[in-house]
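# Coordinate analysis (summary)
Each chain, letter by letter, is given below.
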Amino acid sequence: MTEKPADPSTDREAMPVELVDESGAAIGACSVADAHRPPGTLHRAFSVLLFDRHGQVLLQQRAAVKTRFPLQWANTCCGHPMPGQAVTEAASIRLREEFGMTAELAEVMAFTYRAGDEATGRVEHEYDHVLIGAVGDLPPRPDPAEIAAWAFISPQALRADMTQNPARYTPWLAGVLEIATRAHQP
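All of the points below concern the structure found in this document. (Residues numbered from 1 in each chain as written. Predicted model: local features only at pLDDT ≥ 70, side-chain atom pairs only at ≥ 80, totals over all residues. Heavy atoms only, no water.)

### Re the overall build of the chain
- Looking only at helices and strands, one finds four helices and nine strands in the chain.
- From first element to last, N terminus to C terminus, the chain shows the α and β order β-β-α-β-β-β-β-α-β-β-β-α-α.
- At 15 Å, the chain has a C-alpha radius of gyration in line with the 16 Å of a compact globule built from 186 residues.
- When its C-alpha atoms are laid out on the principal axes, the chain stretches across 40 × 35 × 30 Å. (Helix = DSSP H or I, 4+ residues; strand = E, 2+ residues; numbered from the N terminus. Rg over C-alpha atoms; globule rule 2.2 N^0.38 Å.)

Encoded structure:
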């Protein structure tokens, strides 16, 4: 199956996100851009981490055009569900858009983090749902408008490199990796 790349005319920054309280309960909505303006507004997000049959994880290097943490390495894919949209549904859509892949996804846990991007001045303040899945037999077909590069790496090697080179990685990746590897049963 061939997936077409994301539509570059879609302004993802204008799309709505669901605002939440500290427990994850919905309390409103605003645009992606507004949610990421300093000091950051807590909103629902998701992070997908796929494992291959050897237990390695699939990472992406975010495209240079990303408005937050461009060219940093992150989990397989991430994004924001629309207000009222099921997290697993939104994550499946983004996985197809970014990597041209499908996978059965399971939500394993959510956590909250806040991180500022010095390069862009944007702020992530997210109630992040972590989902895991298995890479299928078909190779990734990344959309270059979304992904600059991709790689498989063992969780152990990734932890070591994040310790030695933290600026190469998004601030949420360490939390996603720990939650996902605890939940992953090879």
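### A few points about helix α2 (residues 87-99)
- Taking 1.5 Å of rise per residue, 13 residues should cover 18 Å, and α2 covers 18 Å from first to last C-alpha, within 8% of that figure.
- The set of residues buried in α2 consists of V87, A90, A91, S92, R94, L95, E98 and F99.
- Tucked into the core, α2 has its buried residues touching β3 (43-51), β4 (57-62), β6 (77-79), β7 (106-116), β8 (123-134) and β9 (147-153). (Expected span 1.5 Å × (residues − 1). Buried < 20%, exposed > 50% of the residue type's maximum accessible area, 1.4 Å probe, protein only. Contact = heavy atoms within 4.5 Å.)

### Considerations on the pairing of β3
- With respect to burial, β3 is a largely interior element, nine of its nine residues being buried.
- In β3, alternate side chains face the same way, and those of H43, A45, S47, L49 and F51 on one face and R44, F46, V48 and L50 on the other are all buried.
- In this sheet, β8 lies alongside β3 in parallel orientation, the contact comprising nine bridges. Within the sheet, the bridge partner assigned to V48 lies in β8 and is L131.
- By the bridge criterion, three bridges tie β3 to β6 in an arrangement that is antiparallel. Following the sheet pairing, F46 is matched in β6 by G79. (Pairing = 2+ DSSP bridges.)

### Structural notes on the pattern of salt bridges
- Here the structure, examined in full by the defined rule, presents 12 salt bridges.
- With its nearest N and O atoms 3.0 Å apart, the salt bridge here joins E13 to R68. A residue pair is termed long-range when its members are at least 10 positions apart, and E13 in the segment before β1 (16-20) and R68 in the loop between β4 and β5 (73-74) qualify at 55 residues. R68 shares its class with E13; the two are buried.
- Note that E146 and R94 form a salt bridge whose closest N and O atoms lie 2.9 Å from each other. Of this pair, E146 sits in the loop between β8 and β9 while R94 sits in helix α2, placing them 52 residues apart in sequence.
- Since its relative accessible area comes to 6%, E146 is described here as buried. (Salt bridge = Lys/Arg side-chain N within 4 Å of Asp/Glu carboxyl O.)

### Overview of the packing of helix α3 (residues 155-164) against helix α4 (residues 173-183)
- Running from N to C, α3 and α4 cross one another at 155°; their axes reach a closest spacing of 11 Å. Considering the angle they form, α3 stands roughly antiparallel to α4. Relative to α4, the crossing made by α3 is left-handed. Mapping the contact onto sequence places P155, L158, R159 and M162 in α3 and L173, A174, L177, E178 and T181 in α4. (Axes fitted to C-alpha atoms, helices over the stretch in contact; angles between N-to-C directions. Parallel < 35°, antiparallel > 145°, perpendicular 65-115°, else oblique. Left-handed = near helix turned anticlockwise from the far one by under 90°.)

### A look at the nonpolar core
- Ranked by internal contacts, the top residues of the largest apolar core, which has 22 residues, are L49, V57, L59, F111, L158 and W172.
- Contributions of two or more residues to this core are made by β3, β4, β5, β7, β8, α3 and α4.
- Ranked by residues supplied to this core, first place goes to α4 with five residues.
- Among all residues touching L59, those that are not within four sequence positions of it are L49, W73, A74, N75, F99, A149, W150, A151, I153, L158 and L173. (Core = buried A, V, L, I, M, F, W, Y, C linked by side-chain atoms within 4.5 Å.)

It is worth stressing that arrangement in space is one thing and function is another; only the former is reported here.
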